[in-house]
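The lines below spell out each chain.
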Amino acid sequence: MTLIAVSKQQPDERIDAALSAGQRAFGENRVQEAQARWTGRRARYPDLELRLIGPLQSNKAQAAAALFDVIETLDRDSLAAALRKAMDGTGRAPRLYVQVNTGGEAQKSGVAPGEAAAFVARMRADYGFDIEGLMCLPPLEEPAGPHFALLVRLARDCGVAKLSMGMSGDFETAVALGATSVRVGSALFGERAGE
Ligand SMILES: *Cc1c(COP(=O)(O)O)cnc(C)c1O
C-alpha cells in the first residue's frame, strides 16, 4: 500500500514537513504547479515519486513525461500518441495508469467502464505501453464502495495489478476493497488554499 500525499495547492512548509517526516510519494493535478514546486526539491530528494493525478492535455505530455514518475490519467488515444512521442523524445518512461470514469459523469475524464478492457489492450498493442494499473475518482455525491468494487473487477478483466483509489473521505473503504495506493490530500495536510 502506497500513500500518495496529494500536495496540490498546499503551502510549501507543509510539503517540506512531510518530506522531513520521510514521505516520498506525492500527487499533483497540474503540470505547471508541479514543475514549480518539485523541480528544485527533486535534486534534494532523489527518491521522490511524483504522480500526476489530474487530467493531462496532449500539448503538456512532453513536460509531464519529463517530470512525473507515474501518470495516472491516461484516458484517450490522442494522449497516448502524445505520450509515446514524449517518452521517445525525453528518454523518460513514466509508469502509466488508465483512469476509468466509473460514474459515467459527463464532466469527468476517464474511459467508460465498458471500454476499459479494449482501451488497455490497445495501449499495449498500439503504443507499447505496459499499463501498471487503473485509477478512479467516484462521483462526490455517491457512496464510493461500489465504484471501487467496479474498478477491482475491471482491473481483473484488463489484467492489471495496481489500483489507485481512495481519497481523504473514503480511503478506508478503498483499502478494504484492495487499493494498492490511496491519494490523500486534506486529511494529511489540512484544507487546501481557496477551498
Ligand atoms: C485533490 C485530489 C485528491 C485528494 O483529495 P482529498 O479529498 O484532499 O484527499 C485525490 N485524487 C485526485 C484525483 C485529486 O484531484
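Residues numbered from 1 in each chain as written. Predicted model: local features only at pLDDT ≥ 70, side-chain atom pairs only at ≥ 80, totals over all residues. Heavy atoms only, no water.

> Teacher, can you tell me more about the pairing of strand β2 (residues 25-28) here?
Residues in a regular strand point their side chains to alternate faces of the sheet. The alternating pattern of β2 places A25 and G27 on one face and F26 and E28 on the opposite face, and all of these are buried. Examined bridge by bridge, strand β1 (residues 2-6) and β2 share two bridges and lie parallel to one another. Paired with A5 across the bridge in β2 is F26. What joins β1 to β2 is helix α1 (residues 12-20), and the crossover it makes is right-handed. Relative to strand β3 (residues 49-52), β2 runs parallel, the two being bridged by four bridges. Across the sheet, residue F26 finds its bridge partner in β3, namely L50. (Buried < 20%, exposed > 50% of the residue type's maximum accessible area, 1.4 Å probe, protein only. Helix = DSSP H or I, 4+ residues; strand = E, 2+ residues; numbered from the N terminus. Pairing = 2+ DSSP bridges. Right-handed = clockwise from strand over helix to strand, strands pointing away.)

> How should the pairing of strand β4 (residues 70-74) be read in this particular structure?
Within β4, five of the five residues are buried, leaving the element largely enclosed by the surrounding structure. Here two bridges tie β3 to β4, and the two strands are oriented parallel to one another. Paired with L52 across the bridge in β4 is I71. In terms of handedness, the path from β3 via helix α3 (residues 61-67) over to β4 forms a crossover that is right-handed. Of the strand pairs in this sheet, β4 and strand β5 (residues 95-100) are connected by three bridges, and their pairing is parallel. Pairing of L74 across the sheet is with V98, part of β5.

> Explain the site of the ligand to me, please; I cannot follow it from the model alone.
Lining the immediate environment of the ligand, one finds V6, K8, I53, M135, L137, M167, S168, R183, V184, G185, S186 and R192. Here an oxygen atom of the ligand sits 2.7 Å away from a polar atom, N or O, in the side chain of R192. For the shell around the ligand, the residue count by class is six nonpolar, three polar and three charged. (Near = heavy atom within 4 Å. Polar contact = N/O pair within 3.5 Å; in protein donor to acceptor, adjacent residues only side chain to side chain. Nonpolar A, V, L, I, M, F, W, Y, C, P; charged D, E, K, R; others polar.)

> I would appreciate a short explanation of helix α2 (residues 31-44) in the present structure.
One full turn of an α-helix is made of 3.6 residues, so residues set three or four places apart face in the same direction. Taking 1.5 Å of rise per residue, the 14 residues of α2 would be expected to cover 20 Å, and the 20 Å separating its terminal C-alpha atoms lies within 8% of that figure. Taken as a whole, α2 carries its principal kink of about 40° at W38. Every buried residue belonging to α2 is among V31, A34, R37, W38 and R41, and all of these are buried. (Expected span 1.5 Å × (residues − 1). Bend = angle between axes of the 7 residues up to and from the residue.)

> Even after reading the chapter, I still don't get the nonpolar core, so can you show me in this structure?
The tendency in soluble globular proteins is for nonpolar side chains to be buried as a group. Of all hydrophobic cores here, the largest spans 55 residues; its most connected members are F26, L74, L83, F129 and L134. Contact partners of L83, with chain neighbours within four places excluded, come to L56, A61, I71, L74, L96 and F129. Counting residues in each nonpolar core, the second largest holds five residues, with V6, I53, Y97 and M135 among its members. (Core = buried A, V, L, I, M, F, W, Y, C linked by side-chain atoms within 4.5 Å. Contact = heavy atoms within 4.5 Å.)

> How should the packing of α1 against α2 be read in this particular structure?
One way to put it is that α1 packs onto α2 with a least axis distance of 12 Å and a crossing angle of 35°. Along this stretch, α1 crosses α2, giving a crossing that reads as right-handed. Here D12, I15, D16 and L19 of α1 come into contact with α2, specifically with R37, W38 and R41. Among the residues forming the contact of α1 with α2, the class breakdown is three nonpolar, no polar and four charged. (Axes fitted to C-alpha atoms, helices over the stretch in contact; angles between N-to-C directions. Left-handed = near helix turned anticlockwise from the far one by under 90°.)

> Can you walk me through the environment of D170 in this structure?
Mapped onto the elements, D170 comes out in the loop between β7 (162-164) and α7 (171-177). Separated by 26 residues in the primary sequence, D170 and A144 have C-alpha atoms spaced 6.9 Å apart. When neighbours within four sequence positions are excluded, D170 is seen to be in contact with A144 and F148.

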